[in-house]
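Coordinate inspection notes
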Amino acid sequence: MPAVSKGDGMRGLAVFISDIRNCKSKEAEVKRINKELANIRSKFKGDKALDGYSKKKYVCKLLFIFLLGHDIDFGHMEAVNLLSSNKYTEKQIGYLFISVLVNSNSDLIRLINNAIKNDLACRNPTFMNLALHCIANVGSREMAEAFASEIPRILVAGDTMDSVKQSAALCLLRLNRTSPDLVPLGEWTARVVHLLNDQHLGVVTAATSLITTLAHKSPDDFKTSVSLAVARLSRIVTSASIDLQDYTYYFVAAPWLSVKLLRLLQSYPPPEDASLRSRLTECLETILNKAQEPPKSKKVQHSNAKNAVLFETITLIIHHDSEPNLLVRACNQLGQFLQHRETNLRYLALESMCTLASSEFSHEAVKTHIETVINALKTERDVSVRQRAVDLLYAMCDRSNSKQIVAEMLGYLERADYSIREEIVLKVAILAEKYAVDYTWYVDTILNLIRIAGDYVSEEVWYRVIQIVINRDDVQGYAAKTVFEALQAPACHENLVKVGGYILGEFGNLIAGDPRSSPMVQFNLLHSKFHLCSVPTRALLLSAYIKFINLFPEVKGTIQDVLRSDSQLRNADVELQQRAVEYLRLSCIASTDILATVLEEMPPFPERESSILAKLKKKKGSSKLPDMDDSRRTFNGSTEHTEDTEVAHKVSHG
């Protein structure tokens, strides 16, 4: 960039800015600005033609006024006129004004495009850079149509200066983001890939950003970039910091370029060529080794740059998921960050380990850090880090540690941030079902879940426990006994009443032999909750009552009295009134055989995907969730909509 001589300083602009800063009130500022705007307008409309310096000064003042938050509705044409100047400072101010104030749909775009074309054709690198920056800043579709085919030619031309190549690559990247359909992929793509071999690391950095984006758009066209990226990365990680002195940041060689190259390699699977794969593995091992070395500086910038490269390396190792040794080393490296004093590093370590936990090569290595993760759950101050700890516990859970992890998550649930309670409930419910060898433990866990966080237990969760109890004969008696005992608490959450009403209505006969849970005791216990519940729950309880008549004829009279009461037969809610009338009539006229047929036990539910898992996938995104293994798919429900509809129908209508 050319040096600005002393005479280029704009004294009038400096005085105006000083006046604005010295204003004592908003009113005084507005008054001074209005005075200046009137002066500038009169100068632009005057008969006397303004020289380049005056235009530049007044356009600068307008730009400053706009940046203060005031509207500018004139001066645009004068800024466009500055683009034709041969002086750098005047052209720079013109481009700056246009980049900030000109709308992408402005009528002046065509005039601006003509000026840009002239600057791109003049081959003056300074003017070419200004033009490319303007295209990138405005990024309008009209500009993309005008220059999308011209910029690639500038980028790959042999006589283009390095600084212009950088600007051209980043300008093309911007146009690809705003108008991807207008950026043509042609013969220049192969030549762009070879920019990764350029001697100027600034060009390589800009080209890597462009290639990474284009590789997502058309992977096959940029496959050859993998070998070049590995070669360049190898040269960086094996070089001493003095070799790349201009691109060394606090003793870390070219950290931003390293990160970009590692990110580009994540666009493709592991290299098939054995020698290339071996070279890449050596690079990754070298980076992991350097991370273990004592820091060369105590400054935070050094650790930030070093860790940026390290975490991107670990992300690439996880993406390839093919080198067991590297995966285990990455896991151990992340484990060292779990107790780091820097919150961001703890967060990133937990997040990366969540992904590692899903790999068969590193799952066991992740499990060794379970105590540290549990401790983070208990002591961490930052709620986002605690949430990542919950995610990691969920990801590392298997048969060997499921009871411990579920117990810890239940313990944390009582003091968890309200925004993540529903998610924790879903995860606990999924883990309890997925790893339940003894289904009595599953029943206990879900009832605990309802007791601790009943407001966050969605319908999918309590529908699911009912499905599993119905489908497993060996747990029905235990479920009836446990829910009966839970309902005896003075304060029960309504979801517990729903589960209790359904299970006792179906399987209350299995515990009726005990005098402490006789049919009348069961009925009285459920009916004591009736007046505290919402209409849907009352409807479910009425269905449970009619089932009691079938299971326990001795309570028929008591239940008929309840159904016959005015509070039921004349209930303001049509659904409750209809149920009471129909159930009362059914109990009076139906024979024992008909009653038994109509009110027989629910048949087992079909085996389909759990709706709880479907809901969690919808909430979090399926990429973050481990798959349910096939061996645990027994008694799974259907997709969310089908299962909810089916179970809701059965729950509502008994």
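Whatever comes next refers back to the structure up there.
Residues numbered from 1 in each chain as written. Predicted model: local features only at pLDDT ≥ 70, side-chain atom pairs only at ≥ 80, totals over all residues. Heavy atoms only, no water.

1. Notes on the overall build of the chain
Worth spelling out the cut-off: Note on conventions: DSSP H or I runs of at least 4 residues are helices, E runs of at least 2 residues are strands, and numbering of each starts at the N terminus. Each radius of gyration is computed over the set of C-alpha atoms, and the globule rule expresses the reference value as 2.2 Å times the number of residues to the power 0.38. Contact criterion: two residues are considered in contact whenever any of their non-hydrogen atoms come within 4.5 Å of each other. The positive count covers Lys and Arg only, the negative count covers Asp and Glu only, and His and the chain ends enter neither. The atoms used to mark charge sites are NZ of Lys, CZ of Arg, CG of Asp and CD of Glu.
Each helix and strand in the chain was counted, giving 35 helices and two strands. Relative to a compact globule of 654 residues, whose C-alpha radius of gyration would be 26 Å, the chain shows 36 Å and is clearly more extended. A sequence separation of at least 24 residues applies to 71% of the contacts in the chain between residues at least 6 apart. Averaging the positions of the 78 positive and the 77 negative side-chain charges in the chain gives two centres separated by 9 Å.

2. A word on the packing of helix H21 (residues 383-396) against helix H22 (residues 402-413)
Cut-off, in case you're wondering: Where helices are involved, their axes are fitted lines through C-alpha atoms of the stretch in contact, as for all axes, and angles between N-to-C directions lie from 0 to 180°. Oblique is the label for any angle not under 35 degrees, not over 145, and not in the 65 to 115 range, which are roughly parallel, roughly antiparallel and roughly perpendicular in turn. Definitions for this section: a left-handed crossing has its near helix turned counterclockwise from the far helix by less than a right angle. A right-handed crossing has that turn clockwise. Charged residues are taken to be Asp, Glu, Lys and Arg, nonpolar residues to be Ala, Val, Leu, Ile, Met, Phe, Trp, Tyr, Cys and Pro, and polar residues to be all remaining types, Gly included.
Two numbers describe how H21 lies on H22: the axes approach to 10 Å, and their chain directions differ by 155°. Here H21 lies roughly antiparallel to H22, going by the angle between them. The crossing of H21 and H22 is left-handed. Of the residues in H22, those in contact with Arg386, Val390, Leu393 and Met396 of H21 are Ile405, Met409 and Tyr412. The residue inventory of the contact of H21 with H22, partitioned by class, reads six nonpolar, no polar and one charged.

3. Brief notes about the state of the cysteines
Selection criterion: The disulfide criterion used throughout: a pair of cysteine sulfur atoms within 2.5 Å. Relative accessibility under 20% of the residue-type maximum defines a buried residue, over 50% an exposed one, and the middle range a partly exposed one, all with a 1.4 Å probe and only protein chains included.
A full pass over the atoms with the stated rule returns zero disulfides. Left without a disulfide partner, Cys171 is nearest to the cysteine sulfur of Cys134, which lies 9.2 Å away. By relative accessible area, Cys171 is classed as buried at 1%. Considering cysteine sulfurs only, Cys331 is the nearest to Cys354, which forms no disulfide, with 11 Å between them. Cys354 sits in the buried class, given a relative accessible area of 18%.

4. Examining the pattern of salt bridges
Selection criterion: Think of a salt bridge as a Lys or Arg side-chain nitrogen and an Asp or Glu carboxyl oxygen that are within 4 Å of each other.
Per the counting criterion, the structure on display carries 28 salt bridges. Where Arg32 meets Glu36, a salt bridge forms, and the shortest distance between an N and an O atom there is 3.0 Å. Taken as a pair, Arg32 and Glu36 lie in helix H2 (residues 26-45) at a separation of four residues, close to a single helical turn. Of the two residues, Arg32 and Glu36, neither departs from the other in class, the shared state being buried. Across the pair Arg277 and Glu323 runs a salt bridge, and its minimum N-O distance is 3.8 Å.

5. A closer look at the environment of Phe337
Tracing the sequence through the fold places Phe337 in helix H17 (residues 324-337). Distance in space between the C-alpha atoms of Phe337 and Leu350 is 8.6 Å, their sequence separation being 13 residues. Setting aside residues up to four positions removed in sequence, Phe337 forms contacts with Asn307, Leu310, Phe311, Leu345, Arg346 and Ala349.

6. Observations regarding the packing of aromatic side chains
Going by this rule: Two rings from Phe, Tyr or Trp (for Trp, the six-membered ring) form a pair when their centres are within 6.5 Å of each other. A pair whose planes differ by under 30 degrees is stacked, one over 60 is edge-to-face, and the rest are tilted. Charge-over-ring contacts are defined here by two conditions on Lys NZ or Arg CZ: a distance within 6 Å of the ring centre and an angle within 35 degrees of the ring normal.
Within this structure, the stated rule accounts for 11 aromatic pairs. With a centroid separation of 4.9 Å and 75° between ring planes, the pair formed by Tyr249 and Tyr250 is classed as edge-to-face. The exposure class assigned to Tyr249 is partly exposed, which follows from its relative accessible area of 26%. An aromatic cluster is present here, built from Phe44, Tyr58 and Phe74 joined pairwise through their rings. Over the face of the ring belonging to Tyr394 we find Lys427, whose NZ or CZ atom lies 5.3 Å from the ring centre.

7. Structural notes on unusual backbone geometry
One non-glycine residue, Arg123, adopts positive backbone phi at about 65°. For Arg123, a relative accessible area of 38% corresponds to the partly exposed category. Even without a glycine there, the phi angle at Tyr250 is positive, about 50°. With respect to the helices and strands, the residue Tyr250 is situated in the loop between strand S1 (248-249) and strand S2 (252-253).

8. Describing helix H20 (residues 370-379)
Because the α-helix completes a turn every 3.6 residues, residues three or four places apart line up on one side. What counts, and what does not: For this quantity, the arc is that covered by the directions from the helix axis to the C-beta atoms.
Taken together, the buried positions of H20 are Ile370, Val373, Ile374, Ala376 and Leu377. With its buried residues spanning 155° around the axis, H20 presents them on a single face. Exposed residues on H20 whose side chains face more than 90 degrees from its buried face are Glu371 and Thr379.

9. As for the packing of helix H10 (residues 162-178) against helix H12 (residues 201-217)
At a closest axis distance of 8 Å, the pairing of H10 and H12 adopts a crossing angle of 25°. Classified by the angle between their axes, H10 and H12 sit roughly parallel to one another. Where H10 crosses over H12, the handedness of that crossing is left-handed. Along the contact surface, H10 presents Asp162, Lys165, Gln166, Ala169, Leu170, Leu172, Leu173, Asn176 and Arg177, while H12 presents Gly202, Val203, Ala206, Ala207, Ser209, Leu210, Thr213, Leu214 and Lys217. For the contact of H10 with H12, the residue count by class is nine nonpolar, five polar and four charged.

10. As for H21
Worth spelling out the cut-off: By definition here, a helix of n residues has an expected span of 1.5 Å times n minus one.
Here H21 contains 14 residues, and its C-alpha end-to-end distance of 20 Å stays within 8% of the 20 Å for a straight helix at 1.5 Å per residue. For H21, the tally of buried residues reaches 12 of 14 residues, placing the bulk of the element in the interior. Within H21 the residues assigned to the buried category are Val385, Arg386, Gln387, Arg388, Ala389, Val390, Asp391, Leu392, Leu393, Tyr394, Ala395 and Met396.

11. Structural notes on empty space enclosed by the protein
Spelled out, the test is: Buried and open spaces are told apart on a 1 Å grid over the protein atoms alone, a cavity being a set of points where a 1.4 Å probe fits but cannot get out and a pocket being an open set with protein on both sides within 12 Å along at least five of seven lines. Residues with an atom within 4 Å of a point are the lining residues. Grid points are joined across faces, edges and corners, and a volume is the space filled by probe spheres set on the points.
Under the defined criterion, the tally for this structure stands at two cavities of 30 Å³ or more. Volume-wise, the largest cavity comes out at about 100 Å³. Taken together, 13 residues make up the lining of the largest cavity; nearest its centre are Thr281, Leu284, His320, Ser322 and Glu323. Secondary-structure elements contributing two or more residues to the lining of the largest cavity are helix H15 (274-292), helix H16 (300-320) and H17. For the lining of the largest cavity, the element with the highest residue contribution is H15, accounting for four residues. When the residues that make up the lining of the largest cavity are grouped by side-chain class, the tally is seven nonpolar, three polar and three charged.

12. Points about the environment of Val574
Summarising the element assignment, Val574 is placed in helix H32 (residues 574-589). Sequence separation of Val574 and Cys354 is 220 residues, and the distance between their C-alpha atoms is 50 Å.

13. Concerning the side chain of Arg421
Looking at the element boundaries, Arg421 is found in helix H23 (residues 421-434). We note that Arg421 is buried and unpaired, the nearest opposite charge coming from Asp455 at a distance of 7.4 Å. Residues in contact with Arg421, not counting those within four places in the same chain, are Leu413, Glu414, Arg415, Ala416 and Tyr456.

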